[in-house]
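Structural overview for review
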Amino acid sequence: MSTTPASSSPDAVSTKSNDNGRALESLITTELEKVEFIELTQRTLDAQRRDDPKVKVLDLNLSKSFQKSAKLITDWIISEIGTNHGLAVEVDRSSDNDAGVADINITYRDKLLPLSVKHNHDALSHARPYSLFKSSGFGKSTSDTAHRDALAKACNSFRLKAGSAKLFSEVANLLPELYVDVCQACTKSIETFPDQSLLAEKLFSFLVGPGCKKVIVRTKSTHTLKRIEIFDYSALKKPTKVTPTFEKRTQSASLVLVFDNGWEIDLRVHSASSLISVNGQLSLKFDVQRKAGILPDPIVLFG
């Protein structure tokens, strides 16, 4: 992650990190487009135009690191899919509304190579509390409805206590209680889901993306290239059980999911916007990190 002045807000840090990630995806796609048998989908072309400004404002060292990484990653992709293709190979960049964790999908000979591209972290899917069940494939179910109702109750209680405050920063003292209430609601929703085995599999699939290959580019504090690793998440064992709990901290709280395949995932809830919405959903998000779980040995392209 790029260095950020101490005065920068978490939202600013998150935005910069997201922009750098988009720029890396864009540069990889640019290299792929140079390959004669590869074609970009229309929405990928649109994404390339959208992210061109993000590429242009990269720090010089980071830009060089990303460009070198893009070339090495493209060479690896070609080694994976081969060069003998009767039909064009299609490259499609995902949107935020797509299911799963893949950022770039490569379709070749009726096969799919989904890639999750990260810079300086291996964060999992950044779920939102409200849509946790929908994102896991249970949208419009009775469980999803009950879960949203429980969260609405917690958020409305926060609004009542916040009074006329328009910004979360104005009522920072109330946030720990909100975060705990949200985590408690999520815990209860998961515990009471009727098919625990199916839920464990779907939740793990959504959060971890076991069908993906994760490409992680790591840079030093000077933004020079440190390491490029590729993890094959398709080798991960699927869970059959999930045990939810929550951890309360001084200024935050986390929903913790313990899966019976050895994985433990921490979902720290935080505000995704500075504004408190007047009605409807509060803008909340999970920062999702692996606490435990064995990863397959990576392919190292650099470092």
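Refer to the preceding data block for the structure.
Keep in mind it's a predicted model, so treat the numbers as computed, not measured.

Conventions adopted
- Residues numbered from 1 in each chain as written.
- Predicted model: local features only at pLDDT ≥ 70, side-chain atom pairs only at ≥ 80, totals over all residues.
- Heavy atoms only, no water.
- Salt bridge = Lys/Arg side-chain N within 4 Å of Asp/Glu carboxyl O.
- Buried < 20%, exposed > 50% of the residue type's maximum accessible area, 1.4 Å probe, protein only.
- Helix = DSSP H or I, 4+ residues; strand = E, 2+ residues; numbered from the N terminus.
- Pairing = 2+ DSSP bridges.
- Axes fitted to C-alpha atoms, helices over the stretch in contact; angles between N-to-C directions.
- Contact = heavy atoms within 4.5 Å.
- Phe/Tyr/Trp six-rings, centres within 6.5 Å; stacked < 30°, edge-to-face > 60°.
- Polar contact = N/O pair within 3.5 Å; in protein donor to acceptor, adjacent residues only side chain to side chain.

Under the defined criterion, the tally for this structure stands at 19 salt bridges. Between Glu31 and Lys34 there is a salt bridge whose closest N-O contact spans 2.9 Å. Judged by relative accessible area, Glu31 falls into the buried class, the value being 14%. The closest approach of N and O atoms between Asp266 and Arg249, which form a salt bridge, is 3.0 Å. Of the two residues, Asp266 sits in strand β9 (residues 264-271) while Arg249 sits in the loop between β7 (242-248) and β8 (253-259), which places them 17 residues apart along the sequence. Arg249 gets classed as partly exposed once you look at its relative accessible area, which sits at 32%. Here the salt bridges do not stand alone but share partners, grouping Glu25, Arg50, Asp51, Lys54 and Arg93 into one network.

Taken together, the four strands give an open sheet; going across it, the order is β7-β8-β9-β10, and neighbouring strands pair in antiparallel fashion. On the outer flanks of this sheet lie β7 and β10 (284-292), each paired with one strand and no other. Sheet twist, expressed as the average angle between the axes of neighbouring strands with direction ignored, equals 25 degrees. Strands β7, β8, β9 and β10 of the sheet are contacted by helix α6 (residues 175-191), whose axis makes an angle of about 170 degrees with β7.

This part takes up the packing of aromatic side chains. In the structure shown here, the tally under the stated rule is six aromatic pairs. Relative to Trp263, the ring of Tyr233 has its centre 6.2 Å away and its plane inclined at 70 degrees; by these criteria the two rings are edge-to-face. Here Trp263 lies in the loop between β8 and β9 and Tyr233 lies in the loop between β6 (225-232) and β7, a separation of 30 residues in the sequence. We classify Trp263 as buried; its relative accessible area is 3%. Connected via pairs of aromatic rings, a cluster forms that spans Phe204, Tyr233, Phe259 and Trp263.

Once that is clear, we can look at the side chain of Ser189. With respect to the helices and strands, the residue Ser189 is situated in helix α6. At 3.0 Å, the side chain of Ser189 forms a polar contact with the backbone oxygen of Ala185. Aside from chain neighbours lying at most four places away, what touches Ser189 is Phe133 and His147.

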